[in-house]
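# A look at the structure
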Protein chains: 2
Amino acid sequence: MAKKQSSEVTRDLLRAHDLRPTRQRMALAKLLFPKPGHKQHVTADALFAQATKAKTGVSLATVYNTLHQFTEAGLLREVSVSSATYFDTNTSPHHHVLDEDTGMLTDLKPGRLALTGIPRPPRGSQVTSVDVIVRMRKKA
Amino acid sequence: MAKKQSSEVTRDLLRAHDLRPTRQRMALAKLLFPKPGHKQHVTADALFAQATKAKTGVSLATVYNTLHQFTEAGLLREVSVSSATYFDTNTSPHHHVLDEDTGMLTDLKPGRLALTGIPRPPRGSQVTSVDVIVRMRKKA
DNA sequence: CAACAGTTTAGAGTTATTCTAATCTACATT
DNA sequence: AATGTAGATTAGAATAACTCTAAACTGTTG
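Here we take up the protein's contact with DNA strand D. Near DNA strand D lie 19 residues; those nearest to it are Thr 22, Gln 24, Arg 25 and Thr 62 of chain A together with Tyr 64 of chain B. Here the atoms of DNA strand D within 4 Å of the protein split so that 86% fall in sugar or phosphate, with bases taking the remainder. Here a phosphate oxygen of DNA strand D sits 2.5 Å away from a polar atom, N or O, in the side chain of Thr 22 of chain A. Between DNA strand D and the protein, one listed contact pairs a base nitrogen with a side-chain N or O atom of Arg 20 of chain B at 3.5 Å. For the surface near DNA strand D, the secondary structure elements donating two or more residues are α2 (23-32) and α4 (60-72) of chain A together with α4 (60-72) of chain B. In terms of residue class, the surface near DNA strand D is built from 6 nonpolar, 9 polar and 4 charged.

Below, the structure is given as structure tokens:
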């Protein structure tokens, strides 16, 4: 049986990452890490919905705060790009570098970055695009 | 001197892609393709600002419509991911497949997809992340 | 040049996320 | 154990990037 991670374990996890074990963080951590090794992808909205269903008193703002705190602590990894969409007049396949400080997007010289092993799509589906975005930022 | 692409050339470009050469599309095409081979990245907002500065009467909605039409026509390539951010409890480096029909994000088996030739960041900068997102969708 | 399909538009609506500033709480210290 | 306070939470407003709607306009075809 998939037993829920104990409060004690969760508390220790938070403490180990310098996060005060508040009621809200405990609840969210239990949803995110029900047991060691359990992997999942979650959006802020989905997590908020789960927390709400579980009658945890947690606001959406707290879900966002917590997800970012957990990410900073290394408990989560964020997957996304700048929310803006760029349109590139270069229509040949190539990849991009995004300067997070300025928002500037530049092409990666084609051929420099190689990508192999793109999975075959299931029958009836097609790969619409493969985007590689290397994000760079000034050192703190 | 970098001469602006003539109206004639622009008109032909649009016609060749089954797009009526309206005043608005002509203006935007000239901004996007000032001369053959000129490559650039542009956001809807930035293009709208350019068009506005050039005193072209073009609405923001038209800029969006036009960018998408040009993309469908193959004149542009869109660079972005789903606007939502996902948080992944798997913090080890790996890449993702996004099912565009359902919004479901799944991990790519590590090792399957290999990435080589990631550029060295300029001094003082660091690579914050390298995201590879393979997008799939059901065939039309 | 009439007619209509295709296009444009202002402004409202949506979605995902961040901000604000007031309230609350964990916990180190008394 | 009570207290002080830095840290945390919250409701709701604000923002950003689009998308939608439905009315007005325009290229093109006959």
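Further remarks concern unusual backbone geometry. Leave glycine aside and you will find that most residues have negative phi; peptide bonds, for their part, are mostly trans. All names here are of chain A. A positive phi angle, near 60 degrees, is found at Asp 18, a position not held by glycine. Even without glycine at this site, Lys 55 takes up a positive phi of about 55 degrees. Along the polypeptide, Lys 55 turns up in the loop between α3 (44-53) and α4.

Of all residues adjacent to DNA strand C, which total 20 residues, the nearest are Tyr 64 of chain A together with Thr 22, Gln 24, Arg 25 and Thr 62 of chain B. Here Thr 22 of chain B contributes a side-chain N or O atom positioned 2.5 Å from a phosphate oxygen of DNA strand C. Breaking the surface near DNA strand C down by element, the ones donating at least two residues are α4 of chain A together with α2 (23-32) and α4 of chain B. Per-element tally for the surface near DNA strand C: the top contributor is α4 of chain A, with 4 residues. Its residues assigned to classes, the surface near DNA strand C shows 7 nonpolar, 9 polar and 4 charged.

This part covers the sheet that holds strand β1 (residues 41-43) of chain A. Pairing within the open sheet is antiparallel, and its 3 strands lie in the order β1(A)-β3(B)-β2(A). The open sheet has two edge strands, β1 and β2 (77-79) of chain A, and neither has a second partner. Averaged over all pairs of adjacent strands, the angle between their axes in this sheet comes to 35 degrees, without regard to strand direction. Across 3 bridges, β1 of chain A lies against strand β3 (residues 86-88) of chain B in antiparallel orientation. What sits directly across from Thr 43 of chain A, in β3 of chain B, is Tyr 86 of chain B.

Its domain assignment divides chain A into domain 1 (7-72) and domain 2 (92-140). On a C-alpha basis, the centroid separation for the pair domain 1 of chain A and domain 2 of chain A is 31 Å.

Residue and element names in this part refer to chain B. With the rule as written, the count across this model stands at 6 salt bridges over all chains. Between Arg 137 and Glu 100 there is a salt bridge, and its shortest N-O distance comes to 3.4 Å. With Arg 137 in strand β7 (residues 125-138) and Glu 100 in the loop between β4 (96-99) and β5 (105-107), this pair connects stretches of sequence that are 37 residues apart. Residue class for Arg 137 comes out partly exposed when judged on its relative accessible area of 40%.

Once that is clear, we can look at the interface of chain A and chain B. Taken together, the contact between chain A and chain B spans 65 residues of the former and 65 residues of the latter. Carbon and sulfur atoms supply 55% of the area that chain A and chain B bury against each other, a total of about 6000 Å² over both sides. Along the contact surface separating chain A from chain B lie 2 salt bridges. Taking the shortest distance from any N to any O, the salt bridge between Arg 135 of chain B and Asp 131 of chain A comes out at 3.1 Å. Our enumeration of links across chain A and chain B arrives at 31 residue pairs in polar contact (both at pLDDT 80 or more).

Before going further, it helps to examine the sheet that holds β4 of chain B. Taken in spatial order, the 6 strands line up as β5(A)-β4(A)-β7(A)-β7(B)-β4(B)-β5(B) in an open sheet, and their pairing is mixed. What marks the edges here is a single partner per strand, and that holds for β5 (105-107) of chain A together with β5 of chain B. Averaged over all neighbouring strand pairs, the angle between strand axes comes to 30 degrees, with direction disregarded. As judged from the 4 bridges shared by β4 of chain B and β7 of chain B, these two strands associate in the parallel manner. Of the residues in β7 of chain B, the one forming a bridge with Leu 98 of chain B is Arg 135 of chain B.

Parameters at a glance
- Residues numbered from 1 in each chain as written.
- Chains lettered and ligands numbered in written order.
- Predicted model: local features only at pLDDT ≥ 70, side-chain atom pairs only at ≥ 80, totals over all residues.
- Heavy atoms only, no water.
- Near = heavy atom within 4 Å.
- Polar contact = N/O pair within 3.5 Å; in protein donor to acceptor, adjacent residues only side chain to side chain.
- Helix = DSSP H or I, 4+ residues; strand = E, 2+ residues; numbered from the N terminus.
- Nonpolar A, V, L, I, M, F, W, Y, C, P; charged D, E, K, R; others polar.
- Pairing = 2+ DSSP bridges.
- Axes fitted to C-alpha atoms, helices over the stretch in contact; angles between N-to-C directions.
- Domains from an automatic or database assignment.
- Salt bridge = Lys/Arg side-chain N within 4 Å of Asp/Glu carboxyl O.
- Buried < 20%, exposed > 50% of the residue type's maximum accessible area, 1.4 Å probe, protein only.
- Contact = heavy atoms within 4.5 Å.
- Buried area = accessible area lost by both parts, 1.4 Å probe.

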